[in-house]
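Coordinate analysis (summary)
Given next are the chains, with one letter for each unit.
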Amino acid sequence: MSKQRVAIIGAGGRMGVEAVRAVGAADDMELVATLGRNDKLETLTEAGAEVAVDLTHPDAVMGNLEFCVRHGIHGVVGTTGFTDERLATLRGWLAEAPGVGVLIAPNFSIGAVLTMQFARQAARFFESAEIVELHHPGKADAPSGTATRTAEMVAEARAAAGLGPQPDATTSALDGARGAVVAGVPVHSVRLSGLVAHQEVLFGGDGEILTIRHDSMNRGSFMPGVLLGIRRIGGVPGLTLGLEHLLDPHSLDLDG
Ligand SMILES: NC(=O)c1ccc[n+]([C@@H]2O[C@H](COP(=O)([O-])OP(=O)(O)OC[C@H]3O[C@@H](n4cnc5c(N)ncnc54)[C@H](O)[C@@H]3O)[C@@H](O)[C@H]2O)c1
Ligand SMILES: O=C(O)C1=N[C@H](C(=O)O)CCC1
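Anyway, here's the lowdown on the structure attached to this text. Here the structure is a predicted model, which means the values were calculated and not measured. Along each chain, numbering runs from 1 in the same order as the chain's sequence is written. Chain A is the first chain written and ligand 1 is the first ligand written, with later ones labelled in order. For this predicted model, a pLDDT threshold of at least 70 governs which residues receive local features, and a threshold of 80 or more governs which side-chain atom pairs are given and counted, while totals over whole chains, interfaces and linings are taken from all residues. Values shown for side chains rest on all heavy atoms present in the structure; no hydrogens or waters enter the calculation.

A word on the sheet that holds strand E9 (residues 197–205)
What counts is decided by this rule: Strand pairing is assigned whenever DSSP detects at least two bridges linking the two strands. For helices the rule is a DSSP run of H or I covering at least 4 residues; for strands it is a run of E covering at least 2, with both sets numbered from the N terminus onward. Convention adopted: a line fitted to C-alpha atoms gives each axis, helices being fitted over their contacting stretch, and angles between N-to-C directions are expressed from 0 to 180 degrees. By definition in these notes, contact holds between two residues if any of their heavy atoms fall within 4.5 Å.
Taken in spatial order, the 5 strands of this open sheet run E7-E8-E6-E9-E10, and their pairing is mixed. Lying at the two open borders of the sheet, with one neighbouring strand each, are strand E7 (180–182) and strand E10 (208–216). Sheet twist, expressed as the average angle between the axes of neighbouring strands with direction ignored, equals 25°. The sheet contact formed by E9 and E10 spans 9 bridges and is antiparallel. Counterpart to Ala 197 in the pairing with E10 is Ser 216. Sheet strands in contact with helix H5 (residues 110–122) are E9 and E10, and its direction is about 165° off that of E10.

So, a nonpolar patch on the surface
Counted only if it meets this: The residues that make up patches have over 30% relative accessible area and no salt bridge, and they are joined within 9 Å when like-charged or within 5 Å when they are Val, Leu, Ile, Met, Phe, Trp or Tyr. In this description, accessible areas are obtained by the Shrake-Rupley approach with a 1.4 Å probe, and a residue is regarded as covered only by the protein chains that are shown. Throughout this description, the term salt bridge denotes a Lys or Arg side-chain nitrogen within 4 Å of a carboxyl oxygen of Asp or Glu.
Nonpolar side chains collect at one region of the surface, where Ile 110, Leu 114 and Phe 118 lie side by side and expose about 240 Å² of accessible area between them. Tracing the backbone through its elements, the reader meets Ile 110 in helix H5.

A word on the pairing of strand E6 (residues 128–135)
Keep this limit in mind: Accessible area is worked out with a 1.4 Å probe on protein chains only. A residue is then buried under 20% of its type maximum, exposed over 50%, and partly exposed in between.
Of all 8 residues in E6, 7 are buried, a share of seventy percent or more. In this structure, E6 lies alongside E9, joined through 8 bridges in antiparallel fashion. Paired with Val 132 across the bridge in E9 is Glu 200. Summarising the sheet, E6 and strand E8 (residues 185–191) pair through 5 bridges and their orientation is parallel. Opposite Val 132, over in E8, you have His 188 as the bridge partner.

Points about H5
The periodicity of an α-helix, 3.6 residues per turn, causes residues three or four places apart in sequence to face the same way. What counts is decided by this rule: One less than the number of residues in a helix, times 1.5 Å, gives the span that helix is expected to have.
For H5, spanning 13 residues, the distance from its first C-alpha to its last is 18 Å, which sits close to the expected 18 Å at 1.5 Å a residue. Taken together, the buried positions of H5 are Ala 112, Val 113, Thr 115, Met 116, Ala 119 and Ala 122.

Some details on the site of ligand 2
Formally: Neighbouring residues are identified by heavy atoms, a residue being near a molecule or strand if any of them is within 4 Å of it. Residues adjacent in sequence count toward polar contacts only when both atoms are side-chain atoms; beyond that, a polar contact is any pair of N or O atoms within 3.5 Å, and within protein one must be able to donate a hydrogen and the other to accept it.
Surrounding ligand 2, one finds Thr 80, Pro 106, Asn 107, His 135, His 136, Lys 139, Ser 144, Gly 145, Thr 146 and Ala 197. Within the contact set of ligand 2, an oxygen atom lies 2.9 Å away from a side-chain nitrogen or oxygen of His 136. At 2.5 Å from an oxygen atom of ligand 2 is found a side-chain nitrogen or oxygen belonging to Thr 146. Its free accessible area being 320 Å², ligand 2 has 84% of it covered by the protein chains.

What follows is the structure, given as structure tokens:
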């Protein structure tokens, strides 16, 4: 079987370095291009890339994706910053490029994906829900893409269950004291040396608290998800939002 021809955009960054290592070690993939900030996107077509992995910056990712989609290159995207407006723009490009698939993965780690699923499952049973995301101080954005997506999923589950706004009598003296409110869910962002990527989803009801916590201790934790995305995205045209949609429900094997 021929190897998949993979390019990594943002190859010199914290995630990019790990992804170069992971793709380089995968028997079924060939790393055909590594791009940094000053490299031309034409490198992707010249190298014959079939899948491009984007691990850059919210300011750069849309331009990269437009190029990829218009040139028939599938995208596996870990970069954050995907608003509804950006997703609509991306869907528009994909509509003009039948057969091209793009995965937007707010988080590639299996534990974080499960955290989001469990949070969605729990949301309808509790009147209160808040999120604390904790990351390294080099992180470009806040709130994290994972926390934003988790808040949206919690909000969707609350709305479907007919839950109203959360109880909260607090009047804040300082802006930000109650976090950033995403889809009605307060999200608190911690940036601390020593951290990698962590999240707590807190649920509260009458006399009980449920805390769902996930910790990525290193960036290797994201790599099985990156490789899975590369292997699967060519068979799923259009936009896929979340790695969970590419997981085989009957297999424990992340490699397949
Ligand atoms: N989905 C996930 O599981 C996951 C996990 C970790 C990080 N991330 C996200 O991935 C992104 C990168 O994170 P990081 O910690 O590796 O950041 P980083 O700053 O360490 O690396 C980003 C790299 O991209 C490069 N870059 C910037 N603009 C570019 C462009 N136009 N073309 C090519 N390269 C460009 C930078 O020079 C840098 O080397 C962030 O948005 C982060 O939130 C996602
Ligand atoms: O380190 C980062 O930056 C991370 N970004 C993603 C996010 O914003 O959710 C995933 C976790 C790590």
